Amino acid sequence: MSEVEAKLPRKRFYRQRAHANPFSDHQLEYPTEPKLMDWTRHYPQYYPAKEGEEQKKVEFADIGCGYGGLLIALATVFPDKLMLGMEIRTKVEDYVHERIKALRIQKPGNYQNVSIMRMNAMKFLPNFFEKGQLSKVFFLFPDPHFKQRKHKARIISSTLLAEYAYALRVGGILYTITDVKDLHLWMVKHLDEHPLFEKLTDEECEQDPAVPHVRTATEEGKKVARNQGDKYLACYRRIEDPFYKN
């Protein structure tokens, strides 16, 4: 690729409406089960594994990753972890793809651990991840769906939390942040009520090296900061099933 092609994409050419209807048919491609997913094009440096090495798997998932700010920030903080952004909007997915491609060329050896996929996590998350595969799941500034009749489309719900708990290993962390207090209270309520999640203390959150980037790395987070708005953070640890018997 030439130097011109390696330039970072301009966001203004990839603008799209802020949110998409998760219940619409978006003509997405997905494997019928995780073992059938080919990750080679996403992480060519790691797939397939070299002889004698264990195959690395995606561990961090940014659900509704937007323009990829968190992924890019965490790529060098956790260089040994494979990270995947999931975004339903076509143009936004294209932007992040081009951004990662350019960064890999500009800084050889870096950003090989991040990738982007167009997908609907509300429908297809178990198609991509095995039980307990993930160690971190991020929900940063999700669509608040203000109208009560739209609450069923919120990304945190009792039903969806069961799927997130399936994919998240015991000890893994689920991160939520929003500038909408009502949505924050909604997410906290559902997480508090779920038997497989335990809220981290404020001190535990502040000691987490991912949290500063959760607050500041995304486009939405920067916009809230510019407008001097509030950000409501809540982090939860995946715990053992209290009713599970070996």
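Residues numbered from 1 in each chain as written. Predicted model: local features only at pLDDT ≥ 70, side-chain atom pairs only at ≥ 80, totals over all residues. Heavy atoms only, no water.

**Concerning the UniProt feature "binding site: S-adenosyl-L-methionine" (unreviewed entry) in the protein chain**
As annotated in UniProt, the feature "binding site: S-adenosyl-L-methionine" (unreviewed entry) corresponds to Gly64, Glu87, Ile88, Asn120, Ala121, Leu140, Thr218, Glu219 and Glu220 in the numbering used here. Inspection of the secondary structure assignment puts Asn120 in the loop between strand E3 (114–118) and helix H3 (121–128). Engagement of the side chain of Asn120 in a polar contact is seen with the backbone nitrogen of Met122, the distance being 3.1 Å. In this fold, Glu220 is placed in helix H8 (residues 219–226). For Glu220, a relative accessible area of 29% translates into the label partly exposed. The contacts of Glu220, once residues within four sequence positions are left out, are Phe141 and Asp179. (UniProt positions renumbered as here; feature names shortened; annotations may be inferred. Helix = DSSP H or I, 4+ residues; strand = E, 2+ residues; numbered from the N terminus. Polar contact = N/O pair within 3.5 Å; in protein donor to acceptor, adjacent residues only side chain to side chain. Buried < 20%, exposed > 50% of the residue type's maximum accessible area, 1.4 Å probe, protein only. Contact = heavy atoms within 4.5 Å.)

**Things to note about the sheet that holds strand E4 (residues 134–140)**
Strand order across the open sheet formed by seven strands is E3-E2-E1-E4-E5-E7-E6, with mixed pairing between neighbours. Both edges of this open sheet fall to E3 and strand E6 (197–199), since each of them pairs with a single strand only. Adjacent strand axes in the sheet meet at a mean angle of 20 degrees, parallel and antiparallel pairs treated alike. For strand E1 (residues 58–63) and E4, the ladder comprises three bridges, and the chain directions are parallel. Residue pairing in the sheet places Asp62 in a bridge with Phe138 of E4. Where helix H1 (residues 69–77) meets the sheet, its contacts fall on E1, strand E2 (82–87), E3 and E4, and the angle it forms with E2 comes to roughly 180 degrees. (Pairing = 2+ DSSP bridges. Axes fitted to C-alpha atoms, helices over the stretch in contact; angles between N-to-C directions.)

**Quick look at the state of the cysteines**
All told, the structure shown has zero disulfides when counted by the stated rule. Here Cys205 stays unpaired: no disulfide links it, and the sulfur of Cys235, its closest cysteine neighbor, is 3.3 Å away. Assessed through its relative accessible area of 1%, Cys235 is described here as buried. (Disulfide = S-S within 2.5 Å.)

**Some points on the packing of aromatic side chains**
Applying the stated rule across the entire model yields nine aromatic pairs. When the ring of Trp39 is compared with that of Phe129, the centres are 6.5 Å apart and the planes differ by 10 degrees; the resulting orientation is stacked. Taken as a pair, Trp39 in the segment before E1 and Phe129 in the loop between H3 and E4 lie far apart in primary sequence, 90 residues in all. The exposure class of Phe129 is buried, given its relative accessible area of 1%. When the centroid spacing of 6.4 Å and the interplanar angle of 35 degrees are considered together, the rings of Tyr43 and Tyr47 count as tilted. Here a set of aromatic residues connected by ring pairs shows up, and it is made of Trp39, Tyr43, Tyr47 and Phe129. One cation-aromatic arrangement involves Arg154 over Trp186; the distance from NZ or CZ to the ring centre is 4.8 Å. (Phe/Tyr/Trp six-rings, centres within 6.5 Å; stacked < 30°, edge-to-face > 60°. Lys NZ or Arg CZ within 6 Å of the ring centre and 35° of its normal.)

**Things to note about the side chain of Glu59**
Relative to the helices and strands, Glu59 is located in strand E1. Within polar-contact distance, the side chain of Glu59 engages the side chain of Lys81 at 3.4 Å. Residues contacting Glu59, with those up to four places away along its chain left out, are Lys81, Leu82, Gln133, Leu134, Ser135, Lys136 and Arg169.

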